[in-house]
Protein chains: 2
Amino acid sequence: MPTHAVNKNGNSKSAVRRHNEEAILKAAESVFAESGFRGATTGQIAERAGIPKPNLHYYYPTKESLYRRVVENIFNVWLQAANSFDDCDDPEEALTRYISTKMDISRSHPNGSKVWANEILHGAPVIQDYLETTLRSWTDGRIAVIEKWIQQGRMRPVNPRYLLYMIWSCTQHYADFNHQIDTLNHSVPLSDEQFAEAKEQVVDIILNGVGVVRSKPAA
Amino acid sequence: MPTHAVNKNGNSKSAVRRHNEEAILKAAESVFAESGFRGATTGQIAERAGIPKPNLHYYYPTKESLYRRVVENIFNVWLQAANSFDDCDDPEEALTRYISTKMDISRSHPNGSKVWANEILHGAPVIQDYLETTLRSWTDGRIAVIEKWIQQGRMRPVNPRYLLYMIWSCTQHYADFNHQIDTLNHSVPLSDEQFAEAKEQVVDIILNGVGVVRSKPAA
DNA sequence: GTCTATATTTCGATAGAC
DNA sequence: GTCTATCGAAATATAGAC
């Protein structure tokens, strides 16, 4: 009788395996964020995960398979944030929640965002298929929602596609460029209060910019 | 009598040297943008520049010295764009010109912008000193200008620092993430017309967002 | 100034004992 | 499942002839 759990596929996954895989993923995310795919070494990742290097190759056969898992993780976090977009039909609430959630993710998952940025920067050699399938269809769906709001006269006529790019760039900037932001903040990370102000202002400028009147304007 | 020019430092710089240095810099910018610092190989750069690998080391002793030159180049391009900010005292014109110029640079120098993004993403290991000196003092100066406009009641009260971050992120996104943008555009680069529309919209949303009335609103 | 050949280092991946 | 020892590939940098 095995002491480990058996998953739905009939494969076994011991607690040790789960723990190690998790530690490796977390270490990989931070090392890939710091050094990029090629700059990261499996030795560094193993060291940060607290295991010998060969064990890393035991759990993830190649460096690329590990990298791909890290990229998929942040992408799925963002996809869930997109629910803010569908859960309600009011542009003010939907946009406010979506932008706020994306800012929160930049605060809580800066490393994942950096790995994604790095991947796109270099032409998406590993996750190009995601861009062409999942991201493309998600984007088209959200564009349709925004176009409906515009037709209803609930916001100014803007190109929804470029509005989405604006939201993505403004929010992810606080993760991807946080080193520059910290340096310009006397080399100290933004406090919770500063970050809250930045978040409020991003929401405020974009909503005002697209002509959505806010019921709870900035103080 | 030498056939080459003599520069102000008394050092000589032949036309051959100038030509090779220029070709290496351009090749390096594109290779570093594609692959990052560590991912780029001096062999690739030399090949793209059309010279043998050892010659590259003759002109630039180390890979890092070459990289630093590339990063300094894009930074100086952006600094010149900042003149748009000082040449006039009207917030509408100054912001419009600054944002437009930054968008144009994203269109004309996507590789330089990517190399910069990559450098910041990884914690600015090479140009940290630039962040702490030139960028910090430039930012403080521009913040003072924006604060003056706010005090004069010519725009809504926003935190100038986070407004600058917004402008930087929205504009540089069209360079750094152009692969993602192209993929979402049916895997075709934005046409001049599409890019012009994106540029107009970035200007429009930000100016409306900060309460600057535009004398030439979008069509 | 140029370029062939090579020294040196580093890292991804694996063999094989436990 | 774990880990020591090591192989083999690749890339930076240089030596030295021209």
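These figures come from a predicted structure and were not determined experimentally.

Draft legend 1. Local environment of the protein's contact with DNA strand D. Looking at DNA strand D, there are 19 residues lining it, with Arg38(A), Tyr59(A), Thr41(B), Thr42(B) and Lys53(B) nearest. Here, DNA strand D places atoms within 4 Å of the protein, and 62% of those atoms are sugar or phosphate. Tyr59(A) is positioned with one of its side-chain polar atoms (N or O) 2.7 Å from a phosphate oxygen of DNA strand D. Between DNA strand D and His57(B), the relevant distance is 3.3 Å, taken from a phosphate oxygen to a side-chain nitrogen or oxygen of the residue. Of all elements in the fold, only helix H1 (15–39) and helix H3 (53–59) of chain A together with helix H2 (42–49) and helix H3 (53–59) of chain B reach the threshold of two or more residues within the surface near DNA strand D.

Draft legend 2. Region of interest: the confidence of the model for chain A. Residue-level pLDDT values for chain A average 91, and 93% of them are 70 or greater. Predicted confidence for residues 1–10 of chain A stays below pLDDT 50, and this span has eight contacts to residues more than four positions away or in other chains.

Draft legend 3. Examining the interface of chain B and chain A more closely. Facing 58 residues of chain B, the contacting portion of chain A comprises 57 residues. Interface of chain B and chain A: buried area, both sides summed, is about 5000 Å²; carbon and sulfur atoms make up 60% of it. Interface area lost by chain B to chain A is led by Leu121(B), Tyr162(B) and Leu184(B), which between them contribute 16%. Asp204(A) is the partner of Arg156(B) in a salt bridge, and the nearest nitrogen-oxygen pair spans 2.5 Å. Between chain B and chain A we count 28 residue pairs in polar contact (both at pLDDT 80 or more) in total. Every element with two or more residues in the side of chain B that touches chain A is listed here: helix H1 (15–39), helix H7 (110–121), helix H8 (128–151), helix H9 (160–176), helix H10 (178–184) and helix H11 (192–209) of chain B.

Draft legend 4. Region of the structure containing the domain arrangement of chain A. Residues and elements named next belong to chain A. Looking at the assigned domains, one finds that chain A contains domain 1 (5–61) and domain 2 (72–209). Between the C-alpha centres of domain 1 and domain 2 there is a distance of 28 Å. The interface of domain 1 with domain 2 comprises seven residues on the first partner and six residues on the second. Both faces considered, domain 1 and domain 2 share a buried interface measuring about 480 Å² in area, 63% of it formed by carbon and sulfur atoms. On the domain 1 side of the contact with domain 2, Glu29, Phe32 and Ala33 bury the most area, a combined 67% of that side's loss. Remark: the boundary between domain 1 and domain 2 carries zero salt bridges. Where domain 1 touches domain 2, the interface holds zero residue pairs in polar contact (both at pLDDT 80 or more). Looking at the side of domain 1 that touches domain 2, its residues break down into four nonpolar, two polar and one charged.

Draft legend 5. Focus on the nonpolar core. Among the nonpolar cores identified, the biggest contains 145 residues, and Trp116(A), Tyr174(A), Trp116(B) and Tyr174(B) are the most heavily contacted of them. Look past the residues within four positions of Tyr174(B) in its chain and what remains in contact with it is Tyr162(A), Tyr165(A), Met103(B), Ser106(B), Ile181(B), Leu190(B), Phe195(B), Ala198(B) and Val202(B).

Conventions adopted
Residues numbered from 1 in each chain as written. Chains lettered and ligands numbered in written order. Predicted model: local features only at pLDDT ≥ 70, side-chain atom pairs only at ≥ 80, totals over all residues. Heavy atoms only, no water. Near = heavy atom within 4 Å. Polar contact = N/O pair within 3.5 Å; in protein donor to acceptor, adjacent residues only side chain to side chain. Helix = DSSP H or I, 4+ residues; strand = E, 2+ residues; numbered from the N terminus. pLDDT = per-residue confidence, 0-100. Contact = heavy atoms within 4.5 Å. Buried area = accessible area lost by both parts, 1.4 Å probe. Salt bridge = Lys/Arg side-chain N within 4 Å of Asp/Glu carboxyl O. Domains from an automatic or database assignment. Nonpolar A, V, L, I, M, F, W, Y, C, P; charged D, E, K, R; others polar. Core = buried A, V, L, I, M, F, W, Y, C linked by side-chain atoms within 4.5 Å. Buried < 20%, exposed > 50% of the residue type's maximum accessible area, 1.4 Å probe, protein only.

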